[in-house]
Amino acid sequence: MNAVIETRGLTKTYGDVRALDGLDLSIPRGGVYGVLGPNGAGKSTLFRILLGLIRPTAGSAAMMGGPLNDISHMRRTGSMIETPRFPPYLTARQVLRWLALEHGVGATADIPHWLARVGLTEAADRKVRGFSVGMMQRLGVAAALMSRPELVILDEPTSGMDPPGIQEMRALIRSLATEDGVTVVLASHQLLEVQRVCDRVAILNKGKLVREGTVSELTSVGERLRLAVSSADQVLAVLGAKGVRDGEAVLAEVKRAEGPALIRALVEANVDIHEARWVGTDLESIFFTETGAVQAPEADHGV
Ligand SMILES: Nc1ncnc2c1ncn2[C@@H]1O[C@H](COP(=O)(O)OP(=O)(O)OP(=O)(O)O)[C@@H](O)[C@H]1O
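Below is a short write-up of the structure. Everything quoted here is computed from the prediction, not taken from an experiment.

Section: the sheet that holds strand E6 (residues 77–80)
- Strands sit in the order E6-E7-E8-E3-E9-E10 across an open sheet of 6 strands; the sheet is mixed. Unpaired on one side and paired on the other, E6 and strand E10 (208–214) mark the two borders of the sheet. The sheet shows a mean angle of 15° between the axes of neighbouring strands, taken without regard to direction.
- Where helix H1 (residues 43–50) meets the sheet, its contacts fall on strand E3 (32–36), strand E7 (151–155), strand E8 (183–188) and strand E9 (200–205), and the angle it forms with E7 comes to roughly 145°.

Observations concerning H1
- The buried fraction of H1 is high, at 7 of 8 residues.
- Looking only at H1, the buried set comprises Lys 43, Ser 44, Thr 45, Leu 46, Phe 47, Ile 49 and Leu 50.
- Phi turns positive, to about 75°, at Gly 52, one or two residues after H1.

With respect to unusual backbone geometry
- One non-glycine residue, Lys 206, lies in positive phi territory at about 50°.
- Within the element layout of this structure, Lys 206 appears in the loop between E9 and E10.
- Overall, the presence of 17 C-beta atoms within 10 Å leaves Lys 206 in the partly exposed class.
- At Asn 270, a residue that is not glycine, the phi angle is positive and equals roughly 65°.
- Relative to the assigned elements, Asn 270 resides in the loop between helix H10 (259–268) and strand E14 (273–279).
- For Asn 270, a count of 9 C-beta atoms within 10 Å corresponds to the exposed category.

A look at the site of the ligand
- Inspection of the region around the ligand gives Tyr 14, Val 17, Ala 19, Gly 37, Asn 39, Gly 40, Ala 41, Gly 42, Lys 43, Ser 44, Thr 45 and His 189 as its neighbouring residues.
- If you list the elements that add at least two residues to the shell around the ligand, you get strand E2 (17–28) and H1.
- It is H1 that contributes the most residues to the shell around the ligand, 3 residues altogether.
- The class makeup of the residues in the shell around the ligand is 4 nonpolar, 7 polar and 1 charged.

Comments concerning the packing of helix H3 (residues 92–102) against helix H5 (residues 133–145)
- Running from N to C, H3 and H5 cross one another at 30°; their axes reach a closest spacing of 10 Å. Put simply, H3 runs roughly parallel to H5. Like other packed secondary-structure pairs, H3 and H5 cross with a definite hand, here right-handed. Seen from H3, the contacting residues are Ala 92, Val 95, Leu 96 and Leu 99; seen from H5, they are Leu 139, Ala 142 and Ala 143.

Concerning helix H11 (residues 283–291)
- All of the buried residues in H11 are Leu 283, Ile 286 and Phe 287. Looking down the long axis of H11, one finds its buried residues gathered within 100° of arc, a one-sided arrangement.
- Looking at the buried positions of H11, the neighbouring elements they touch are E3, helix H7 (191–197), E9, E10 and helix H8 (215–220).
- Backbone geometry just after H11 places Gly 292 at a positive phi near 65°.

Quick notes on the sheet that holds strand E13 (residues 249–252)
- Read across the sheet, 4 strands follow the order E12-E13-E11-E14 without closing on themselves; strand pairing throughout is antiparallel. The open sheet is flanked by strand E12 (243–246) and E14, the only strands paired with a single partner. With direction set aside, neighbouring strand axes in the sheet form an average angle of 25°.
- Inspection of the sheet shows strand E11 (residues 224–229) paired to E13 by 3 bridges, in the antiparallel sense. Its bridge partner being in E13, Arg 226 is matched across the sheet by Leu 251.
- Set on the sheet, helix H9 (residues 232–239) makes contact with E11, E12 and E13; between it and E13 the angle comes to about 15°.
- Strands in contact with H10 are E11, E13 and E14; relative to E14, the strand with the most contacts, it is inclined by about 160°.

What counts, and where the lines are drawn
- Residues numbered from 1 in each chain as written.
- Predicted model: local features only at pLDDT ≥ 70, side-chain atom pairs only at ≥ 80, totals over all residues.
- Pairing = 2+ DSSP bridges.
- Helix = DSSP H or I, 4+ residues; strand = E, 2+ residues; numbered from the N terminus.
- Axes fitted to C-alpha atoms, helices over the stretch in contact; angles between N-to-C directions.
- Contact = placed C-beta atoms within 7 Å.
- Buried ≥ 20, exposed ≤ 12 C-beta atoms within 10 Å, placed from the backbone.
- Near = placed C-beta within 6 Å.
- Nonpolar A, V, L, I, M, F, W, Y, C, P; charged D, E, K, R; others polar.
- Parallel < 35°, antiparallel > 145°, perpendicular 65-115°, else oblique.
- Left-handed = near helix turned anticlockwise from the far one by under 90°.
- Arc of directions from axis to C-beta.

By themselves, these are just geometric observations and shouldn't be taken as functional.
Below you can see the structure in the form of structure tokens.
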């Protein structure tokens, strides 16, 4: 695997707290990679180490095949850690112009393009003093992208955003990966959106890696065929112990290869099938099972 980030036995302790505990992680180049975990799992600690903001207690990490303190790699990485803060008396456009000069891309940064990509064209000439948290986040993302990095590290990129803002951010993150070829690594505990936006995820708990894989690999475990039918009883009679009632429908615990034969058998038994679809375990269930985290009363809807 062509890894863009690789950690081996990465450990960070704060007194008695093991924020990271021997983490082995390989993040492939390309696509969107989600680092998930409940509060205190070690996500921010991992990102801070990768960005050279803090030093690990033990273990090693490499970025783009080289050590973390290699300046040429750092130049190819953009990041947004926590809600960014900018001088309140500058407009969004001035903030980006200033940062472009700071990063040595003053002549090449296409500021109108990045303002448009993060949905801030209309607010471009407003002072950031009046910006909401979500607008600040978007400006922070534009700032991270202006130097056209190969890798972007985003910690909770949609925190504080309203649903339309979240949707735009999701589209932006996907387009960075698919159109710009940027590898995006993001941390989040907002699982539904992670499932929508990420290609691959790692679930951390108490500083350790508990699950890793593509979203479809993780969610296809325990996959079942959900059948919306005219008579659930008839289907349950055909399926025996392999059938579970799910409201008006039936969940059939069969393998993909057995699906067509089952549907044929049901048609022969005169069952009207209104819908048949494969349903997996969602990322949310995996997350709560693996981390033992307590489910929030309301579903999250961010990235
Ligand atoms: N500077 C610090 N001093 C002491 N303990 C710290 C420090 N930074 C983090 N920790 C502890 O390390 C553990 C991991 O924290 P970290 O912020 O990396 O988790 P996280 O997964 O990012 O959580 P969240 O989702 O809440 O941001 C927590 O127990 C936290 O309290």
